[in-house]
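So you can see what is in the structure, the chains are spelled out below.
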Amino acid sequence: MPARKPETPLCDQFGFDVDWRRAQLALIGLQEESRDTVRQLHRCVLTDDASQRIVNGFYEQLLHDSRAKSLLESYDIDRLKLTQVAYLTDFGVDFRDAGYFETRARVGIAHARVGLPLALYLSAFGVMQTLILEMLTECVSDMAEHQLLSRLVLKLTTLDIAVATEVYHRSSVLELDRSVKHLRLEQSLLRTQLQQDALTGVSSRTSLLDALEAAISRSTKTGQPLCIIMADLDHFKAVNDRYGHMVGDKVLTEVGARIRAALREFDLVGRYGGEEFVIVLENTSRHTALQVAERIRQRIAGQPIKTGSHQLDITISQGLALRVEGDDSQSLLQRADDAMYKAKRAGRNCVAEAD
Ligand SMILES: Nc1nc2c(ncn2[C@@H]2O[C@H](COP(=O)(O)OP(=O)(O)OP(=O)(O)O)[C@@H](O)[C@H]2O)c(=O)[nH]1
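Residues numbered from 1 in each chain as written. Predicted model: local features only at pLDDT ≥ 70, side-chain atom pairs only at ≥ 80, totals over all residues. Heavy atoms only, no water.

Trainee: Just checking my understanding: could you explain the side chain of Ser329 for this structure?
Mentor: Within the secondary structure, Ser329 is located in helix α14 (residues 329-345). Here Ser329 falls in the buried class, since its relative accessible area comes to 8%. Side chain to side chain, Ser329 and Glu213 meet in a polar contact 3.0 Å long. Every residue in contact with Ser329, bar those within four places of it in the chain, is listed here: Leu212, Glu213 and Ile216. (Helix = DSSP H or I, 4+ residues; strand = E, 2+ residues; numbered from the N terminus. Buried < 20%, exposed > 50% of the residue type's maximum accessible area, 1.4 Å probe, protein only. Polar contact = N/O pair within 3.5 Å; in protein donor to acceptor, adjacent residues only side chain to side chain. Contact = heavy atoms within 4.5 Å.)

Take a look at the structure:
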C-alpha cells in the first residue's frame, strides 16, 4: 500500500504541531468565541467588493516601493491580486485548524524562496492590516463593534506575522543544515579520493605511505613481523605500445583487483607508481609473505586478462622485504624494490627476496 502523503507537510517540517499552534493562539488571545467575530468581520467588512478594493490599494501602495516593484515586475499582477483576494476570503476562517497554518506556511515559504526580504514581507502584512482597518472604519459605525472587529484584525495579522517569521527563520536554519550536510558529503568524497587511487580503486600512494609508516611503528613496538611486497608488471610498455593506453589502464585495474582478491581483509595494497603496486602484510612472517606473493603471481599469470576482444597474458615480478631493526619506510621500500629488480633479472613472473 503506498504511504499516505501527510496533510500538513510544512507544519510537520517546521514543528507547527498542535501544542505550538495552541500556545500561539493563546498568546495572541484568539479564542474559540473569536469564530463568531470572524464571521461578523466577513459579513460586514471583507465582502467580495471590499476585498477587491483592499487588494487594489495594497498593490498600488506596494508598487511605490522600488524593491517591491522590481520583485513584482516578473509576475502577473492580476494573478497575484486573485491570490490576495483569496487570502482575504480565508482571513481568520477556521484559524484553529492545522490547514490554516499550513496555507500560511506555504505562502511564507514561497516568498522566502523567491528571495523576498523578511522586512518587506512583514511590512506588506502591515500595509494589508492598515487597509483592512480603514475599510472597517468605512463599513462599521458602531463603536463597540468597531473595537471588537479591529482587535480581531490585529490578532489575525499578528498570527500571520508570527507564522511568516517562523517560516523564514526555520527554513533558513534547514537550508543551513542542508548546506552543512552537503559540505560533509563533499568532504568525505574528497577524503575517499585522496585515499583511493582513481584508476584502480586500491589505496593511493599517499595513504599507502601513511599506512606503511603506521605499520612500521606498530611492528617496532610489538616486535611482530612486517613484510612488504613490491609488485611490478612485466613488459607493460609493450602492452601500451601495442594496444594503447586505454587497454593498459584496464589491465592495471584488473591487476589491482586480482591482487586485492588474493589478500586477507586486513592486508593493504596501494598503487606506488605507474605500474607498481606495494602490498603491506602486517603480523606476517617471511614464509607466509612468500606464500601470499606466490598466490598473487598465480592469480595474475594463471588467467589471461580480457579487455574487449583482446586476451592478454600478463605477469608480474615481485620483490619481498621483511622489516629489520632500524628500517624506516624508505629503506624498507628500497629493499623491496631491489628485490623486485632481482626478480626481473631472474626472468620475470617470479618472486625474489631482499638480501
Ligand atoms: N596505461 C597506463 N600505463 C602506465 C600508467 N602508468 C605507467 N604506465 C606505463 O607503464 C610502462 C612502464 O614501462 P617500463 O618502465 O619500461 O617497464 P615495462 O615495460 O613494464 O618493463 P619491465 O618493468 O622491465 O618488465 C610505461 O609505458 C608507462 O607509460 C598508467 O596509469 N596507465
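From this point, the narrative continues.
Trainee: Which parts of the structure should I look at to understand the state of the cysteines?
Mentor: Working definition of a disulfide: a covalent bond connecting the sulfur atoms of two cysteines. According to the stated counting rule, one finds zero disulfides in the structure shown. For the unlinked cysteine Cys44, the closest cysteine sulfur is that of Cys139, found at 8.2 Å. Owing to a relative accessible area of 27%, Cys44 belongs among the partly exposed residues under this scheme. (Disulfide = S-S within 2.5 Å.)

Trainee: Even after reading the chapter, I still don't get the confidence of the model for the chain, so can you show me in this structure?
Mentor: As a general rule, the predicted coordinates of low-pLDDT regions are not to be interpreted in detail. On average, residues of the chain score 94 in pLDDT, and 99% of them are at 70 or above. Confidence estimates for the predicted assembly give a pTM of 0.62 and an ipTM of 0.95. (pLDDT = per-residue confidence, 0-100.)

Trainee: It is not clear to me how the site of the ligand should be interpreted in this structure. Could you clarify?
Mentor: In the vicinity of the ligand lie 16 residues, with His235, Phe236, Lys237, Asp249 and Arg271 positioned nearest. Contact between the ligand and Phe236: an oxygen atom at 2.7 Å from a main-chain N or O atom of the residue. Within the side chain of Arg348, one N or O atom sits 2.9 Å away from an oxygen atom of the ligand. Broken down by secondary-structure element, the contributors of at least two residues to the shell around the ligand are β1 (226-233), α11 (236-243) and α12 (245-262). (Near = heavy atom within 4 Å.)

Trainee: Explanation requested: the side chain of Ser204 in the structure shown.
Mentor: Here Ser204 lies in the loop between α9 (143-195) and α10 (205-222). At 3.2 Å, the side chain of Ser204 forms a polar contact with the backbone nitrogen of Ser207.

Trainee: For this particular structure, what's the right way to read the layout of surface pockets?
Mentor: Rolled over the atoms, a probe sized like a water molecule indicates the empty space that remains. Taken as a whole, the largest pocket holds about 880 Å³ of empty space. Sorting the residues of the lining of the largest pocket by element identifies α4 (48-62), α5 (66-72), α6 (77-90), α7 (98-113), α8 (118-139) and α9 as the ones contributing at least two each. Looking at the lining of the largest pocket, the element that brings in the most residues is α6, giving seven residues. Here the residues of the lining of the largest pocket sort into 21 nonpolar, four polar and five charged. (1 Å grid on protein atoms, 1.4 Å probe; cavity = no way out; pocket = protein on both sides within 12 Å on 5 of 7 lines; lining within 4 Å. Points joined across faces, edges and corners; volume = space filled by probe spheres on them. Nonpolar A, V, L, I, M, F, W, Y, C, P; charged D, E, K, R; others polar.)

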